[in-house]
Amino acid sequence: MNMPIYLDYQATTPTDPRVLEVMWPYFGELYANPHSAEHAPGRAIEARVEEARTEIATLINAESREVVFTSGATEANNMAILGAGRFRASAPKSRTHVITLATEHKCVLESMLQLQREGLTLDILPVQPDGLVDLALLEQAITEDTALVSIMAANNEIGVLQPIAEIGALCQAKGAWFHTDAAQAFGKIPLDVATQHIDLMSISGHKVYGPKGIGALYVRRRPRIRLQPLFFGGGQERGLRSGTLPSPLCIGLGEAARIAAHDMTTDAKHLSHLRDRLLQQLQAGVPDLRINGAMAERLPHNLNLTFPGVDAQALLASVPELALSTGSACSSAAVDPSYVLAALGLSEADARSTIRLAIGRPTTADEVDRAAARLVSAVQSLRAARPAAE
Ligand SMILES: *Cc1c(COP(=O)(O)O)cnc(C)c1O
């Protein structure tokens, strides 16, 4: 049986074979607890985990001790937002206002709503029709009471890149801490916590050809960003995240970061070339398709497309040889149309006629050509079958 052509690399990526290779021994004979400092096997694993931590830190121009391992970006986002919000609200010079964007991932929005339930004031800012933050609006929103601003580096549905350095500078000027959810950006585009004034950054392993179940939170040391921990226990990870580290996964994420540092530029060239090829073929077959989100400020491997009058669920059902989705994996089971597309101003009908295409490191030109041909013919036959759909 032919494997479907995978076009859902923003939901998850396969673990790179080079990553699998370095992880194996740590599932087997190298099993000692990385926190067992009293014997040599424990210390050897710890040293290897610290190497991995350094690879992650290097990719974002951080120090390794600023990187805290988590189970993924969901946990990192919860830790950053709840941890910073609670710390600052209860500090002597209390700050009780937090800001985020309407197009953030659910785990950011839900963490922010939890802070609101705990008594903090929350502003959820709209985005412009191209999906980008309005910097003037953001500047007005940040006050001397603002504890935290959380704005993602790259969007998981529409792929747009927010102006992180500018946002960081606005936050710094008012003493607000800046958190960015970089689950989609880490390893794909250059990130620099120094020049982009980032205080907290969330990372996910399985979006960057690493294993599932591992991620990291960057926590700035100078000036010191302090968080109330979510977990209590043995005090691992500088007291921020108690619990035994999953050493094979930590080492896998380190290897994924090392590979990304090496391959990022060539990956991006390859991906943007294939992405443009895919778009051109789709536009040739469906001239009235619409692209959602800014095209210039965008991940090299994402497309988010509206096929007016075509039901996206029916479209997906008619191309079983393709693996793609209408939006984020977390909410694609829900019947509600995408809140991200609604924030861009799309009508409900257009949102229901929209798919996300995300290619990845293993994607070939042949796969792109076959996928485009299948999608074009599926759109044409759905339209022919339902001439009155619009
Ligand atoms: C995937 C994703 C998450 C969640 O990451 P997990 O590691 O799966 O918990 C958070 N934010 C964004 C933008 C994502 O794409």
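Quick caveat, the model's predicted, so the values are computed rather than measured. (Residues numbered from 1 in each chain as written. Predicted model: local features only at pLDDT ≥ 70, side-chain atom pairs only at ≥ 80, totals over all residues. Heavy atoms only, no water.)

A. Up close: helix H1 (residues 17–27). Residues Val19, Met23 and Tyr26 constitute the buried set of H1. Here the buried residues of H1 occupy an arc of 40° about the axis, which is enough to place them on one side. For H1, exposure combined with an orientation more than 90 degrees from the buried face picks out Pro17, Glu21 and Trp24. Buried residues along H1 sit against helix H2 (40–59) and helix H7 (247–285). Backbone nitrogen of Arg18 and a side-chain oxygen of the N-cap are separated by 2.8 Å at the start of H1; the cap is Asp16. (Buried < 20%, exposed > 50% of the residue type's maximum accessible area, 1.4 Å probe, protein only. Helix = DSSP H or I, 4+ residues; strand = E, 2+ residues; numbered from the N terminus. Arc of directions from axis to C-beta. Contact = heavy atoms within 4.5 Å. Polar contact = N/O pair within 3.5 Å; in protein donor to acceptor, adjacent residues only side chain to side chain.)

B. Representation of the packing of aromatic side chains in the model. Tallied over the full model, the rule gives 3 aromatic pairs. Summarising the aromatic geometry, the rings of Tyr6 and Tyr9 are spaced 4.7 Å apart at their centres and angled 80° between planes, so their arrangement reads as edge-to-face. For Tyr6, a relative accessible area of 25% translates into the label partly exposed. Looking at Tyr9, the relative accessible area reads 6%, which means it is buried. Lying over the aromatic face of Trp177, Arg88 brings its terminal NZ or CZ to 4.2 Å of the ring centre. (Phe/Tyr/Trp six-rings, centres within 6.5 Å; stacked < 30°, edge-to-face > 60°. Lys NZ or Arg CZ within 6 Å of the ring centre and 35° of its normal.)

C. Representation of the packing of H2 against H7 within the structure. Running from N to C, H2 and H7 cross one another at 35°; their axes reach a closest spacing of 8 Å. Of the two elements, H2 crosses H7, and the hand of that crossing is left-handed. Between H2 and H7, the contacting residues are Ile45, Arg48, Val49, Ala52, Glu55, Ile56 and Leu59 on the first element and Ser247, Cys250, Ile251, Leu253, Gly254, Ala257, Arg258, Ala260, Ala261 and Met264 on the second. Looking at side-chain class alone, the contact of H2 with H7 contains 12 nonpolar, 2 polar and 3 charged residues. (Axes fitted to C-alpha atoms, helices over the stretch in contact; angles between N-to-C directions. Left-handed = near helix turned anticlockwise from the far one by under 90°. Nonpolar A, V, L, I, M, F, W, Y, C, P; charged D, E, K, R; others polar.)

D. A nonpolar patch on the surface, seen in detail. Together, Leu20, Trp24 and Phe27 line one region of the surface with nonpolar side chains, adding up to about 330 Å² of accessible area. Structurally, Trp24 can be placed in helix H1. Taking relative accessible area as the criterion, Trp24 reaches 53% and is therefore assigned exposed. (Patch = residues over 30% accessible without salt bridge, like charges linked within 9 Å, V, L, I, M, F, W, Y side chains within 5 Å. Areas by Shrake-Rupley, 256 points an atom, 1.4 Å probe, with all protein chains shown as cover. Salt bridge = Lys/Arg side-chain N within 4 Å of Asp/Glu carboxyl O.)

Function cannot be inferred from these measures alone, as they are strictly geometric.
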